[in-house]
Each structure stands twice: as structure tokens, then as C-alpha cells.
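Observations on the model geometry
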Amino acid sequence: MSVRSIFSYMLGDFGCNLAFALANTWLLFYYTDVAGISAAAIGTMFLLVRLFDAFTDLVAGRAVDATMTRWGKFRPFIIFFALPLLFLSYLTFHVPHSLKVTGTNTNEGPALLYAYITYMMLGLLYSMVNIPYGSLASAMTQSVAELAKLVAWRMWGSAAAGVFLTYLIAPRISDVQKKITAAKKAGDTVQLAALQSDMQTIFTQTTLGFMVLGFACFLMVFFNCKEQVVRVQAKTTIKETIDTLRLNKPLQILCLSSLFYLTGVYAVGPATAYYARYILGDVSWTAPITLVNAGIALFFSPMGAAVLALIFLAIRGVGASIINVAMFGLEADTVEYGEWKNGTRTEGSTYAIYSFTRKLTQSLGGAISGWLLAWGSYKAGADIQPESALTAIRAAIALVPAVVAICAMLVFWKYPLNDDFFRRIRNETESRKAQRGHLIGPGGTVVDAPLD
């Protein structure tokens, strides 16, 4: 593959994470401290909406496998749903002022309803972009080395988006919060209301800017990431989609292991801003935390010990980066295993099933963070939190990820695919294709076998 193709594929995950990482890191904070919704209500909403998102992944995967156009199976979804996705990100972070729980308005029902609707739509559109994007890698190459490049660069794109948006938002939020603290001490209610509006402005400007930047990234994917893998048939049946999971043991093990590990990962994101503000003393620490992103040692880090916390986070960040690269590479390997096992290539459904698991973990992880804050009696917007809230924040960012990571290790011990086995099943599959005559090439064109 060309450098342009690999770099463009990286930009795809950068574009996806302008919506995903923004929501994962900042949405809980936005709902509690800007919209005024209780942490307990948001924790439950995260659980329910992300469960809905998990099933939309399966719908998106099925839609991809049932599609073939002159542009291929995947790229049309990416280009047509990109702008709606980015626009919904703007709406999600733009709860109307009249609905916010501020001043004399203590009814959180309307704001919560708005949050449910917009966040559900955001999840649906994210599935319609991310499922075909993630599936595209398996259609670009069957080379172990080339696929490793794609996955590694994809992780760079994801990480770059997370760091970029956090450095863009965290310092501005910190400045506003310091002014809010000063206004509270001075009893200046007029200034306090204006500063709350400034907090909203930060998220509004950011999401609008991301619409332009994100769409440019998706355009690069559409024009430069072409499908190269030849398939036996253009579309798959529902039965073949179901068989994708039923007959694919490596995919089953990967999904179960990911269910444990990623629950901890997605509990960390929503707790990061709270950890930065109340444990390290300033929400602007969210940016370097995201940059270095350790295990359980974070739970015992002393109050205000920012340097020590960053060291522990850096250790965890190295491990997490390796695991994330491996997971997406292994998911692509299970596509080849599934085709070898039952004769049908189902990139969309395979990735959707894996993504379904990831969405379940987002649901559990986000809900755990919200519920822990509620259990700890977190007070939205308060400058000083009770000790129980500080313990809850530490647990969300440290204890939960450590425990579930151990569970994931135990499950993954039985994973059967290694490089030699993968190469053997890939070569056997290609040999079968070469004996079948007319095959479906990239873009739905018919090619003649035997193939090189």
C-alpha cells in the first residue's frame, strides 16, 4: 500500500474520534457541570443509550455486508454519513439554555430527554461511519505486515485526536472555572451566569470547528483508501452473518476478553476531568493526562501529586497502546478465519460484532463512572468535594480498570490464532478462490481466476 493510503486511513480514525473521544472524555463533565444534570441520571443514560448503540452496530454491519457499489462496500457509508455524524456531535454538546438545570430551573427532565435523543442519534450515525471504516482495513490488504501498519497508524490517528481536542478544551475550561470560583467568592451572580455561558461557548465552537476538520479527514479516506481483496460473492445472507459469530472461535474469545478490558478503559475517560480537577487540583491537567495515558497505583497517588500520577499514566499508556493495536489487528485476522471456516467473507458483520462488544463496554464503563460519582455524593460545580467523591473518582480511573484487565488476561489465554496459523488459513482460502472461476473484485467488478 502507498504511504498516502496508510496516512489517509489514519485520518479516518482521527475524524471518528473528533466525535467519539470528545464524548468519551468530556460528555459526562458537560452534562453535570454545564447542563446541570445529575451524575446518577447520566450514568443510567450512558448504560441505556450505549446498549442501544451496540445493537445499531449490528444493523450497520448487516447493511455493509448487504451492499456493493461501484465505490465498493465501505466508502459510500463513510462519505454520506460523515457530516450528519459531526453535526450530531454539535447538537449533543449544545443543550438549549432553556432546558439546562440552572438558577431557579430545577427540573432536569427536559434536559435529560434532550440528552437521550441527541446521544442516541449520535451513536446511530457513529455506527454508520465507524463500522464501514473499521471493516475497510480487512478489504485493503491481506498481508500481515501491511495490516499491522494500517492498525498502528489508525491508533496514532485515534490518539492524536484525543490529545488534540483535550489540549484544545482543557485549558479554556480551567480558565473559566477559576473565574467561576472567584465570582462565587465575590457573590457576583451576574458574572457567574455569564461564565456558565462561556463554558457552553467552548463546546459550541469546538464542535463546529470539528465539522469542517472531520469532513476533510473522511474525504481523504474516501479518495485514497481503495478495496483490494477479491471476494467470492458481493453480498452475504443473514444466515451467513449469524454464522460469522457462531463458527468463529477466535472472534468469540477476542470479544469476551475485550468486554472485560475495555470496560475499564471506558470507565477512565469520563473520570479523567474529575481526577484532574479534584485530585490533581486543576482541570487543565486533563490534557497531559490524555497525552501520557497506570494501573492501580493511581488510586494511591497523593492529592496534588501531578508528576507521580503522570508517570503512572505513562506506564499504563504504553501497555494500553500495545493492546489496542493488537486488538484491531486480531479483529482483522478473525475475518480471514471466518472466510476459511465457512467460505464467506463478512468484514462488516465481523467488525460489527466486535464493535458491539466495544459498545457494551462503553455502556458499562460510562455508567460505572456516573454511578460511582453518585455513590460518592459528587456535587456538580463545587470547588471542594467530600472525601467519598474523591474516592469514587480514584476508583473509576484506577481500581475498575485494574480488576477487569486481570479478567481479560485470563480469558485471552485460550486465543488460538498466531502468525503461522493465520498465513496458512489465508493461503488455503486464496487457493480455494482461485479454483472457483469468476470472483468479485473491488468495486463489484467480476475478475477471472486463477489469481496470483
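Residues numbered from 1 in each chain as written. Predicted model: local features only at pLDDT ≥ 70, side-chain atom pairs only at ≥ 80, totals over all residues. Heavy atoms only, no water.

1. Quick look at unusual backbone geometry
In this structure, serine 377 is a non-glycine residue whose phi angle is positive, near 60°. Positionally, serine 377 belongs in the loop between helix H11 (347-375) and helix H12 (387-412). (Helix = DSSP H or I, 4+ residues; strand = E, 2+ residues; numbered from the N terminus.)

2. Regarding the packing of helix H3 (residues 75-92) against helix H6 (residues 189-224)
As a packed pair, H3 and H6 sit with axes 8 Å apart at the nearest point and diverge in direction by 175°. With respect to H6, the element H3 is oriented roughly antiparallel. Residues Arg75, Pro76, Ile78, Ile79, Ala82, Leu83, Leu86, Phe87, Ser89 and Tyr90 of H3 pack against Thr204, Thr207, Leu208, Phe210, Met211, Gly214, Phe215, Phe218, Leu219, Val221 and Phe222 of H6. Across the contact of H3 with H6, the residue classes break down as 16 nonpolar, 4 polar and 1 charged. (Axes fitted to C-alpha atoms, helices over the stretch in contact; angles between N-to-C directions. Parallel < 35°, antiparallel > 145°, perpendicular 65-115°, else oblique. Contact = heavy atoms within 4.5 Å. Nonpolar A, V, L, I, M, F, W, Y, C, P; charged D, E, K, R; others polar.)

3. Examining H6
Spanning 36 residues, H6 covers 53 Å between terminal C-alpha atoms, matching the ideal 52 Å at 1.5 Å per step. Along H6, the helix axis deviates most sharply at methionine 211, where the bend reaches about 25°. (Expected span 1.5 Å × (residues − 1). Bend = angle between axes of the 7 residues up to and from the residue.)

4. What to know about the packing of aromatic side chains
One pass over the structure, following the stated rule, counts 21 aromatic pairs. Here the aromatic rings of phenylalanine 20 and tyrosine 126 are separated by 5.5 Å at their centres, their planes lie at 25°, and the arrangement is stacked. Linking phenylalanine 20 in helix H1 (residues 3-34) with tyrosine 126 in helix H4 (residues 109-140), this pair joins segments that are 106 residues apart in sequence. For phenylalanine 20, a relative accessible area of 17% gives the class buried. Between the aromatic rings of phenylalanine 93 and phenylalanine 203, the centroid separation amounts to 5.4 Å while the plane-to-plane angle is 15°, which identifies the pairing as stacked. (Phe/Tyr/Trp six-rings, centres within 6.5 Å; stacked < 30°, edge-to-face > 60°. Buried < 20%, exposed > 50% of the residue type's maximum accessible area, 1.4 Å probe, protein only.)

5. Brief notes about the pattern of salt bridges
This structure, assessed with the given rule, holds 4 salt bridges. Arginine 424 is the partner of glutamate 428 in a salt bridge, and the nearest nitrogen-oxygen pair spans 3.0 Å. With glutamate 428 and arginine 424 both in helix H13 (residues 419-434) and 4 residues apart, this pair spans about one turn of that helix. Take glutamate 428: its relative accessible area is 28%, and that puts it in the partly exposed class. Its relative accessible area of 41% is what places arginine 424 among the partly exposed residues. (Salt bridge = Lys/Arg side-chain N within 4 Å of Asp/Glu carboxyl O.)

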